Amino acid sequence: MKGCEASKMNNIQEKDKKYIAGTYNRNPVCLISGNGSTAISDDGKEYIDFTSGIGVNSFGYSDEVWADAVSAQAKKLQHTSNLYYTSPCAILAEKLMERTKMNKVFFANSGAEANEGAIKFARKYSVTKYNDNRNVVISLKNSFHGRTLATLTATGQEVFHKYFGPFSEGFLYAEADDFEVFSKLLTSDVCAVIIEFIQGEGGVVPLNKEFVNKLYDYCNKNDIVFIADEVQTGVGRTGKFLCSENYGVKPDITTLAKGLGGGLPIGAVLMNEKFSEVIAYSDHGSTFGGNPVCCAGAITVTDRIDDTFLADVVKKGEYIKEKLEGCGEVESITGMGLMLGIELKNLKASDVVATALEKGLMLLTAKTKVRLLPPLNITYEEIDKGLEILIDILS
Ligand SMILES: *Cc1c(COP(=O)(O)O)cnc(C)c1O
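What counts and how
Residues numbered from 1 in each chain as written. Predicted model: local features only at pLDDT ≥ 70, side-chain atom pairs only at ≥ 80, totals over all residues. Heavy atoms only, no water. Helix = DSSP H or I, 4+ residues; strand = E, 2+ residues; numbered from the N terminus. Expected span 1.5 Å × (residues − 1). Buried < 20%, exposed > 50% of the residue type's maximum accessible area, 1.4 Å probe, protein only. Near = heavy atom within 4 Å. Polar contact = N/O pair within 3.5 Å; in protein donor to acceptor, adjacent residues only side chain to side chain. Areas by Shrake-Rupley, 256 points an atom, 1.4 Å probe, with all protein chains shown as cover. Core = buried A, V, L, I, M, F, W, Y, C linked by side-chain atoms within 4.5 Å. Contact = heavy atoms within 4.5 Å. Salt bridge = Lys/Arg side-chain N within 4 Å of Asp/Glu carboxyl O.

A. Expanded view of helix H13 (residues 380–394). The first and last C-alpha atoms of H13 sit 20 Å apart over 15 residues, in line with the 21 Å expected at 1.5 Å per residue. All of the buried residues along H13 are Glu382, Ile383, Gly386, Leu387, Ile389, Leu390, Ile393 and Leu394.

Here it is as C-alpha cells:
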C-alpha cells in the first residue's frame, strides 16, 4: 500500500468510527468501486464478491443496464411523493403482479417496512372481517423479519430482544417444522402467520416442505393470512422468481426488498385478491415508497430474471455446492440457488470470512455458517476465482 493511499483509507475509517453510531462491525476494507462481481478497495485491491451487499446487488456492481436506467430517471424526475402518478412505479407494479400472479402491491423502502405493512394489512383484513381480537401473528423461532419494533417483535430470536422492550402485543412464536406444536397456537385470535421459506439470518435453514404445506392448507381453510417474508429469498435468489414456487404454495402476502432494487432501497408488499376490498385510502403510506429512481432500477432487475436466467442461477448454485462438498472442513451445505450456507467442522465462520477477505474474497456469515449470496449474474470465471480462495481455506 502506498503511503498517501494508506493514510486516506485510515482517515475514512477513523472518521467513520468517530462519527457513525457504533452499531456495525465493519470489515477493515474501504470499497470505492466495482464491476460485475468484483469490488475494488481504495488501495487498489480486487475482491471477488460472494455477498452482493447482503443479497441486494442482483446484477453486481455498476451493471450498465441498471445504471443507465437509474441515472436517466434521476436526470428526469427523482421524486414526487405519492400525491402524484409516476410511470416507473406503475410499470414496476404491473410487471410484479403479472410475474407473481398477485393482485396489488404496496411499495415501501426496506424489508422491515415491507413486513410492517404486511402485518398491518393482515390485521386490517382480519379485524374488519371477524373481530378486534383476531390480531395475533405467529412467527417461527429462529426467524428474522427486521429491526423496527413490530418486526423485531416478530423476529423469533431472543438475542434481538434485549434492551428494547416493551414489545408489541399480539405475537406468538412456534418451532419450525413441527405442525403439531404449531397447531396448538392456532386459536380463533390468530390473524396471520409469517414465515421465511429459508431462514436467512437464522443460518440458511430451509423449512421442511411437508410442514409448509400443512401450515399453508390450515391457513387457507381457516382464512388465516399466510405471509411469506421473501425479503432475502425473493427475486430470483433461490432459482425461482419467488421461493414459494419451490414449495408449491401461493401465499396471501409476499414481501420483497433486498434484491428487488438491484442496489437501491425498495420494499414491496404483494397481496392477493383477499385484500382488494379491505385496504383503502389512508390505511398506510410512505413518503419515499415507490420512488421513481428506485422503481426504474427495479424494473431492469425484474425484466431480466426470466426462466433462462433462473435456470442459470440453479446451475451456478449446484456448481458451487459440488465444488465445495469435497472440502475437508465442510460438514454440510444448505440452501437453494445462489443462497447457500456452509456448516463447518472445526473452523469458525467469522475466521473464514476474515481470512477470505485478506485473500480477496468477500463472504458472509449466518449464525455458525458461512453464507454465500453472490450476484445472480456472477460469471463462472468469477465463481472459480472465488472458489479457489475458499477451497484453499476449507481444505
Ligand atoms: C434482511 C431481511 C429483513 C430486513 O430487511 P431490511 O431491509 O434490513 O429492513 C427482513 N426479513 C428478512 C427475511 C431479511 O433477510
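B. Looking closely at unusual backbone geometry. In this structure, Pro166 follows Gly165 across a cis peptide bond, with omega equal to 0 degrees. When you line up the elements, Pro166 lands in the loop between helix H6 (149–154) and strand S6 (171–174). One non-glycine residue with positive phi stands out, namely Tyr163, at about 75 degrees. Mapped onto the secondary structure, Tyr163 falls in the loop between H6 and S6.

C. Summary view of the site of the ligand. Ser110, Gly111, Ala112, Asn115, Phe144, His145, Gly146, Glu196, Asp229, Val231, Gln232 and Lys258 make up every residue found near the ligand. Gly111 has a polar backbone atom sitting 2.8 Å from an oxygen atom of the ligand. For the ligand, a nitrogen atom lies 2.8 Å from a polar atom in the side chain of Asp229. A total of 390 Å² of accessible area belongs to the ligand in isolation, and the protein chains cover 81% of it. The leading source of residues in the shell around the ligand is helix H5 (residues 111–129), at 3 residues.

D. Up close: the nonpolar core. Formed by 56 residues in total, the largest nonpolar core has its most connected members in Leu324, Leu363 and Leu372. The residues touching Leu372, leaving out its near neighbours within four places in the chain, are Phe50, Ile320, Leu324, Leu338, Met339, Leu340, Ile342, Leu363 and Leu390. Counting 30 residues, the second-largest nonpolar core is a separate cluster that includes Val136, Ile195, Val204 and Val249.

E. Layout of the pattern of salt bridges. Tallying each qualifying case throughout the model produces 12 salt bridges. Close ionic contact of Asp312 with Lys315 constitutes a salt bridge, the shortest N to O distance being 3.9 Å. With Asp312 and Lys315 both in helix H11 (residues 307–325) and 3 residues apart, the pair spans about one turn of that helix. Here Asp312 falls in the partly exposed class, since its relative accessible area comes to 31%. The shortest N-O distance in the salt bridge between Asp392 and Lys359 comes to 3.7 Å.

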